[in-house]
Amino acid sequence: MTIRSAFAALLLATPAALIVGSAMAEPVAFEHARLIDGTGALAQPDATVVVDNGTIISVGIPAPADARHVDLTGKTLMPALISDHSHVGLVKGTGASRDNYTRANILAALKQYSDYGVLTVTALGLNRSPLFDTLRQEQHEGRNPGADLYGVDQGIGAPDGVPPAAMVNGIGPDQVFRPTSPEEARKDVDQMIAEHTDLVKLWVDDFRNDVPDGKTYPMLPPAIYQAAIDEAHQHGTRVAVHIHDLAVAKAIVASKADILAHGVRDQPVDHDLIAAMLRQGTWYIATLDLDEANYLYAEQPELLSNPFVLAGMDPALRRQFTDPKWRAETMAKPLSKASHYALSINQKNLAVLYRAGVKVGFGTDSGAAPTRIPGFAEHRELYLTVQAGLSPVQAISLATGNAAALMHLSDRGVIAPGRRADLLVVNGNADENIGAVDQIDQVWQRGTLVSHGPVRSKN
């Protein structure tokens, strides 16, 4: 059977969503690759993967004669990364503002994600319709360069609460709903669903962040978040909840929310939470980078000389990070000390939950604040995940196959026949050294080479 006849047969069994929008082109055979397939299986040496018309046709079968050959000797081939928790259109330069929510700024961020090998991004709230809905559809159709886009339109927080207006200057009611009653919460959910939101997002946190004498904000009351969860489920829509503390995580899981959108960071998780999450199939996104980003660039100024980091950093932000006064003030903040503690607890909890069999996705909260740099944050998350005790292959599986499963995206995240050819090629053996993932050689989106990494794309 030729590759063309094999592809024709595959079309009969492949959902149309996998093949729409891709022009016929010659098949591509990736040969001699070290393959990490996104399932959590051990890396396969000297593998061959064949792609045609944006779809993976075969794995482990010799390349057909009519294919274009790509020699990946000394390189690792893996699925492109997927973020289950990011934000778009909030940050520009050194600040976050409502004024940044523009088509050009969002598309620039999506292109930056793709340069870093992140080809699917879930923007988890604080979005504005109809711009977000339009761009989401355009990215699904591949009409613009950059990562595919999923997410939540607005989201629901407490009046005068989280997310605080100070976090995003000028944040308005069209970016976050603030219901004062269960009835209002249900109406807000209905509006998000009418706008075709992929998930419903709730913020249930006081932003205390374990800072002594730190400012706290009103928390969304149980009656309101329960009404929102129930209404979303009546429409068949899942709910992701921003949490920080163990007690809140337990209450949210008891309320039947589907996704804990951040890790538990105040104390170790316990048997009761683990048992409840396993029983209900609750997903967990640790967002380790979120807390580290509060102090990382002040404590590790050598990162500011790393081209891989600088490629994603706005020049104004780099100037801020290199300012000795900014560094000193950042290191002296109580939040920085609290963030060190939060990260250590978060990493321990991630390892415990993963080993217990809880379903774990992948996200960083990148794009919500200037220090959480789109693309680089996802690479940092992989490093922190391995530092937490997972193997490189396990960490990569969270950011690929697991991340796709959390979003119910059955067409990507795994290198297997019939899956979308969103691929990341890096130099070295990424299964032995997670740092190899930073050595990006090629990024393939829908079977087309779109980038050689952020450094080369800037030059």
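Coordinates for the structure precede this section.
This report concerns the structure included in the present document.

Quick notes on the rules
Residues numbered from 1 in each chain as written. Predicted model: local features only at pLDDT ≥ 70, side-chain atom pairs only at ≥ 80, totals over all residues. Heavy atoms only, no water. Helix = DSSP H or I, 4+ residues; strand = E, 2+ residues; numbered from the N terminus. Rg over C-alpha atoms; globule rule 2.2 N^0.38 Å. Buried < 20%, exposed > 50% of the residue type's maximum accessible area, 1.4 Å probe, protein only. Contact = heavy atoms within 4.5 Å. Salt bridge = Lys/Arg side-chain N within 4 Å of Asp/Glu carboxyl O. Pairing = 2+ DSSP bridges. Phe/Tyr/Trp six-rings, centres within 6.5 Å; stacked < 30°, edge-to-face > 60°.

## Considering the overall build of the protein chain
For step 1, the next point in the chain: On a plain count of helices and strands, the protein chain comes out with 16 helices and 18 strands.
For step 2, the next point in the chain: For 459 residues, the compact-globule formula gives about 23 Å, and the C-alpha radius of gyration of the protein chain, at 21 Å, lands near that figure.
For step 3, the next point in the chain: Once the C-alpha set of the protein chain is aligned to its principal axes, its extents read approximately 70 × 50 × 45 Å.
For step 4, the next point in the chain: Counting across all 459 residues of the protein chain, residues that qualify as buried make up 59%.
For step 5, the next point in the chain: A separation of at least 24 residues holds for 71% of the contacts in the protein chain among residues at least 6 apart in sequence.

## Here's the deal with the environment of V70
For step 1, the next point in the chain: Its place among the elements puts V70 in strand 4 (residues 68–71).
For step 2, the next point in the chain: Sequence separation between V70 and A33 is 37 residues, and the spatial gap between their C-alpha atoms is 9.4 Å.
For step 3, the next point in the chain: Ignoring any residue separated from it by four or fewer positions in sequence, one finds V70 in contact with V28, A29, F30, E31 and Q442.

## Description of unusual backbone geometry
Apart from glycine, the bulk of residues carry a negative phi angle, and the bulk of peptide bonds sit in the trans form.
For step 1, the next point in the chain: With an omega dihedral of 5°, the bond running from S129 to P130 counts as a cis peptide bond.
For step 2, the next point in the chain: Within the secondary structure, P130 sits in the loop between strand 9 (118–124) and helix 3 (131–140).
For step 3, the next point in the chain: At the junction of V162 and P163, the peptide bond is cis and its omega measures out at 0° in the coordinates.
For step 4, the next point in the chain: If you trace the backbone, P163 turns up in the loop between strand 10 (148–152) and helix 4 (182–194).
For step 5, the next point in the chain: Positive phi values are uncommon outside glycine, yet H408 reaches one of about 55°.
For step 6, the next point in the chain: Mapped onto the elements, H408 comes out in the loop between helix 15 (392–406) and strand 16 (423–427).

## Examining the pattern of salt bridges
For step 1, the next point in the chain: Tallied over the full model, the rule gives 24 salt bridges.
For step 2, the next point in the chain: The salt bridge partner of R420 is D422, with a shortest N-O separation of 3.1 Å. Here R420 and D422 have matching classes, each one buried.
For step 3, the next point in the chain: Salt bridges sharing partners connect three or more residues here, namely D148, D411, R412, R420 and D422.

## So, the sheet that holds strand 15 (residues 359–360)
For step 1, the next point in the chain: With respect to topology, 5 strands assemble into an open sheet ordered 11-12-13-14-15, the strand pairing being parallel. Here the strands that pair on one side only, and so sit at the sheet edges, are strand 11 (200–203) and strand 15.
For step 2, the next point in the chain: Two strands pair when backbone bridges link them, and strand 12 (residues 239–242) and strand 13 (residues 259–260) are joined in this way by 2 bridges, in the parallel orientation. Within strand 13, the residue paired with A240 across the bridge is I259.

## Observations regarding the pairing of strand 3 (residues 55–59)
For step 1, the next point in the chain: Counting buried positions along strand 3 gives 4 out of 5 residues, so the element sits mostly inside the fold.
For step 2, the next point in the chain: Sheet topology note: the strand 2 (residues 44–52)/strand 3 ladder contains 4 bridges and is antiparallel. Opposite V49, over in strand 3, you have V59 as the bridge partner.
For step 3, the next point in the chain: Two successive antiparallel strands, strand 2 and strand 3, enclose a turn made up of 2 residues, where N53 displays a positive phi of approximately 55°.

## Some words on the packing of aromatic side chains
For step 1, the next point in the chain: The final tally for this structure, using the stated rule, is 6 aromatic pairs.
For step 2, the next point in the chain: A ring pair is formed by Y297 and F321, whose centres lie 4.6 Å apart and whose planes are at 5°; its orientation type is stacked. Linking Y297 in helix 9 (residues 296–299) with F321 in helix 11 (residues 315–321), this pair joins segments that are 24 residues apart in sequence.
For step 3, the next point in the chain: For Y297, a relative accessible area of 2% corresponds to the buried category.
For step 4, the next point in the chain: Under the relative-accessibility criterion, F321 is labelled buried at 0%.
For step 5, the next point in the chain: Put simply, the rings of Y116, F308 and F376 pair up and form one aromatic cluster.

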